[in-house]
Structures are given as structure tokens and as C-alpha cells.
Amino acid sequence: MTVGVLSASGVDRCVALLGEELTAYIAGASTVGEFQRWRGDRRRWAEFAGRVQGAVEVADAFARANRLGAAAGWLREVGAAGIAGRSPARMLREATGDTLKRVIEAADRFIRRPAAR
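Draft legend 1. How the structure looks around the packing of helix α1 (residues 8-18) against helix α2 (residues 20-27). Packing of α1 against α2 leaves a shortest axis separation of 7 Å and a crossing angle of 125 degrees. Here α1 is positioned oblique relative to α2, judged by the angle of their axes. Judged by residue contacts, Cys14, Val15 and Leu18 of α1 engage Glu20, Leu22 and Thr23 from α2.

Next up, the structure:
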């Protein structure tokens, strides 16, 4: 698992895959408006780039498994990444390098499970 450098197109991709509200939350913004201002301020990118790139990697993993529709719900589900009381989205929002890796690995385990019927 390697988290690359986030570009403007990476932010756009995250918004397209997960929606602006969830992307703003993961980035650490208090509101969508604040997130939109951050997007125009290159100095703020270092603050949120890793978190948003982690969200893109999670969404891409779900997309590769033809389960993209489940990505946003999984990110919002408390306990989904193995930490009681925390959703994967919150873990990304508060991410450190180890946390980011843990969320992406948990997403990979989730998408490899057989889908519920």
C-alpha cells in the first residue's frame, strides 16, 4: 500500500466517487464551504492531501471489486475498520501513517468477503 501525492484531479476523483460532503469530512474541514476554500489554497494541501488520498485508495479498491456503491456506507460505518466507536472516515480524518494503512487494509478485507445475499 502506497499513498501517492494528491493532485487536484485526485481531489476531484474523491468528490466524484464519495461526494463532496464525505470528502470534506475526511479532509478535516468543518463544512463543505471550508473544504472548497482549502481546495483553492495550495498551502493547505499538505494538511489534507494524505487523508483524501487514502479515501481515494479506499474508493478505488471498492471500484475494482465492482462494489463502489458500498464505499461511502462502509466509510461511515462505525467499527468497520476494526476500531470500536470510530468509522473508517473518522480514522482517515484523524489519520497517521499507520491508521491510513489500517483503513486501506480493512477495506481490502471487506471487499474480499462474499457479498451478503
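Draft legend 2. Geometry of the environment of alanine 107. Summarising the element assignment, alanine 107 is placed in helix α7 (residues 97-112). In this structure, the C-alpha to C-alpha distance between alanine 107 and leucine 68, residues 39 residues apart in sequence, is 11 Å. For alanine 107, the contacting residues outside a window of four places in its chain are Val58, Phe62 and Trp74.

Draft legend 3. The packing of α1 against helix α4 (residues 45-64), seen in detail. Packing of α1 against α4 leaves a shortest axis separation of 9 Å and a crossing angle of 50 degrees. One element, α1, and the other, α4, form an angle in the oblique class. Where α1 crosses over α4, the handedness of that crossing is left-handed. Residues Ala8, Gly10, Val11, Arg13, Cys14, Leu17 and Leu18 of α1 form the contact with α4, whose participating residues are Trp45, Phe48, Val52, Ala55, Val56, Ala59 and Asp60. When its residues are assigned to classes, the contact of α1 with α4 shows 11 nonpolar, one polar and two charged.

Draft legend 4. Quick look at the nonpolar core. Of all hydrophobic cores here, the largest spans 34 residues; its most connected members are Leu18, Phe48, Val58, Phe62, Trp74 and Leu75. When residues of this core are traced back to their parent elements, those giving at least two are α1, α2, α3 (32-39), α4, α5 (71-76), α6 (88-93) and α7. It is α4 that contributes the most residues to this core, nine residues altogether. With residues near it in sequence (within four places) discarded, leucine 75 still touches Leu18, Leu22, Ile26, Val58, Ser87, Pro88, Ala89 and Leu92.

Draft legend 5. Quick peek at the side chain of arginine 67. Residue position: arginine 67 is located in the loop between α4 and α5. In this structure, arginine 67 is buried with no salt-bridge partner, the nearest side chain bearing the opposite charge being glutamate 77 at 9.4 Å. Within polar-contact distance, the side chain of arginine 67 engages the backbone oxygen of isoleucine 111 at 3.3 Å.

Conventions and cut-offs
Residues numbered from 1 in each chain as written. Predicted model: local features only at pLDDT ≥ 70, side-chain atom pairs only at ≥ 80, totals over all residues. Heavy atoms only, no water. Axes fitted to C-alpha atoms, helices over the stretch in contact; angles between N-to-C directions. Helix = DSSP H or I, 4+ residues; strand = E, 2+ residues; numbered from the N terminus. Parallel < 35°, antiparallel > 145°, perpendicular 65-115°, else oblique. Contact = heavy atoms within 4.5 Å. Left-handed = near helix turned anticlockwise from the far one by under 90°. Nonpolar A, V, L, I, M, F, W, Y, C, P; charged D, E, K, R; others polar. Core = buried A, V, L, I, M, F, W, Y, C linked by side-chain atoms within 4.5 Å. Buried < 20%, exposed > 50% of the residue type's maximum accessible area, 1.4 Å probe, protein only. Lys, Arg positive; Asp, Glu negative; His and termini not counted. Salt bridge = Lys/Arg side-chain N within 4 Å of Asp/Glu carboxyl O. Polar contact = N/O pair within 3.5 Å; in protein donor to acceptor, adjacent residues only side chain to side chain.

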